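Commentary on secondary and tertiary structure
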Amino acid sequence: MVKRASFETAELRRELAAFLDTAHPKGVLKTIGSYRWGVYIFYDYDGEPIYVGQTKERIGTRIRRHLTNQRTDAVAMSVLDPFEVFEIEVFPLPEFEEVTGKHKDFAVAKKHLDALERLVHDTAIGNSKFRAILNEKDPPLFDGKIDLPISLRGRVVSAEVEKLRGHPDVRTARRAQVISRLAQVISEREVQNGLRRTLMTQAKRILWLAENRFDELGGNASVPKAPEEEEDEGKSNAE
């Protein structure tokens, strides 16, 4: 008996396939997911950059592994929660499309890829309200200057799934589960300090989300007073 994917999973695969099958914005007759070399950013429901990665195997393959197969270290270690990803931005490098492991320009291409990842990584942090993203490792520093190539950004969550996942209370609950798993990983293993930085970033993100929701519903002014406090105030006023 073949098990069917859940509605949300099926919707994600459909929306992700549509995004990866989009043509390169520069007019090249090649889909964005079919490029071999490139850098990508994941954004959450608030448009906040949350994770930056690179690939030289194929952009579509790498992103699908993150979001559908869950066979990456980032997902396995609870650094990245696929449920948080609302939009993806891809920066392909068409000039290295024919470069493979044994190619004479492989080292040059890899250096450029690393430099682009660092640039995108630093730009994402600069655009973040928390001045941080969830990556547990920083890309290597590079000497010199490169420009950001043309990118393609699009959502991978359907309107139906957004209704199910997008509510801040649902997202807070989900984020609490993820941060709990991450804290458990840290408590049970010898981990590098980058994972603790990810934990701190997640803590800031969940606090911001909870505070935002609290303020949206009226903040402290909307919190009911305990009966004894109301009685005490009544007595004070009567006196």
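The coordinates are above.
This write-up is about the structure you can find in this document.

How each quantity is defined
- Residues numbered from 1 in each chain as written.
- Predicted model: local features only at pLDDT ≥ 70, side-chain atom pairs only at ≥ 80, totals over all residues.
- Heavy atoms only, no water.
- Helix = DSSP H or I, 4+ residues; strand = E, 2+ residues; numbered from the N terminus.
- Rg over C-alpha atoms; globule rule 2.2 N^0.38 Å.
- Buried < 20%, exposed > 50% of the residue type's maximum accessible area, 1.4 Å probe, protein only.
- Contact = heavy atoms within 4.5 Å.
- Areas by Shrake-Rupley, 256 points an atom, 1.4 Å probe, with all protein chains shown as cover.
- Lys, Arg positive; Asp, Glu negative; His and termini not counted.
- Charge placed at Lys NZ, Arg CZ, Asp CG, Glu CD.
- Expected span 1.5 Å × (residues − 1).
- Arc of directions from axis to C-beta.
- Core = buried A, V, L, I, M, F, W, Y, C linked by side-chain atoms within 4.5 Å.
- Salt bridge = Lys/Arg side-chain N within 4 Å of Asp/Glu carboxyl O.

**Some thoughts on the overall build of the protein**
The helix and strand inventory of the protein stands at eight helices and four strands. Listing each helix as α and each strand as β along the protein from the N terminus yields α-β-β-α-α-β-α-β-α-α-α-α. Taken against the 2.2 N^0.38 rule, which gives 18 Å for 239 residues, the C-alpha radius of gyration of the protein at 22 Å runs more than 25% over that of a compact globule. The principal-axis extents of the C-alpha atoms in the protein amount to approximately 90 × 45 × 40 Å. Relative to its 239 residues, the protein shows a buried fraction of 41%. Within the protein, contacts between residues separated by at least 24 positions form 70% of all contacts whose residues are at least 6 apart in sequence. Accessible surface, the protein: about 13,800 Å² in total, of which carbon and sulfur atoms supply 51%. Side-chain charges of the protein comprise 38 positive and 39 negative groups, with the mean position of each set lying 9 Å from the other.

**Structural notes on helix 1 (residues 7-20)**
Helix length check: helix 1, at 14 residues, gives a terminal C-alpha distance of 20 Å against a target of 20 Å (1.5 Å per residue), a fit within 8%. For helix 1, every residue scored as buried is listed here: Glu11, Leu12, Glu15, Leu16, Phe19 and Leu20. Along helix 1, the residues classed as buried sweep out an arc of 155° about the axis, all on the same side.

**Side note on the environment of Lys30**
Topologically, Lys30 is positioned in the loop between helix 1 and strand 1 (38-43). On the basis of relative accessibility, which here comes to 26%, the residue Lys30 falls in the partly exposed class. When the C-alpha positions of Lys30 and Pro94 are compared, they lie 9.6 Å apart, and in sequence the two are 64 residues distant. Ignoring any residue separated from it by four or fewer positions in sequence, one finds Lys30 in contact with Thr22, Ala23, His24, Tyr35 and Glu97.

**Points about the nonpolar core**
Among the nonpolar cores identified, the biggest contains 27 residues, and Phe42, Ile63, Leu67, Leu80, Val85, Ile88 and Val90 are the most heavily contacted of them. Breaking this core down by element, the ones donating at least two residues are helix 1, strand 1, strand 2 (49-55), helix 2 (59-69), helix 3 (73-76), strand 3 (87-92) and helix 6 (168-188). Considering each element in turn, this core owes the most residues, four residues, to helix 1. Val90 has contacts with Phe19, Ile32, Val39, Tyr40, Ile59, Ile63, Ile150, Ser151 and Leu152, leaving out every residue within four places of it along the chain.

**What to know about helix 6**
The first and last C-alpha atoms of helix 6 sit 30 Å apart over 21 residues, in line with the 30 Å expected at 1.5 Å per residue. When helix 6 is considered as a whole, its buried residues turn out to be Arg171, Thr172, Arg175, Val178, Ile179, Leu182, Val185 and Ile186. Looking straight down helix 6, one finds its buried side chains confined to an arc of 145°; they lie on one side. Exposed side of helix 6, more than 90 degrees from the buried face: Ser187 and Glu188 are the residues found there.

**Notes on the pattern of salt bridges**
Taken as a whole and assessed by the stated rule, the structure comprises 23 salt bridges. As a salt-bridge pair, Arg174 and Asp81 come within 2.8 Å of each other at their nearest N and O atoms. Residue Arg174 is located in helix 6, and its partner Asp81 is located in the loop between helix 3 and strand 3; the two are separated by 93 residues in the primary sequence. Since its relative accessible area comes to 5%, Asp81 is described here as buried. Connected via shared salt-bridge partners are Asp44, Asp46, Glu84, Arg171, Arg175 and Arg205.

Function-wise, these values are silent; they only describe arrangement.
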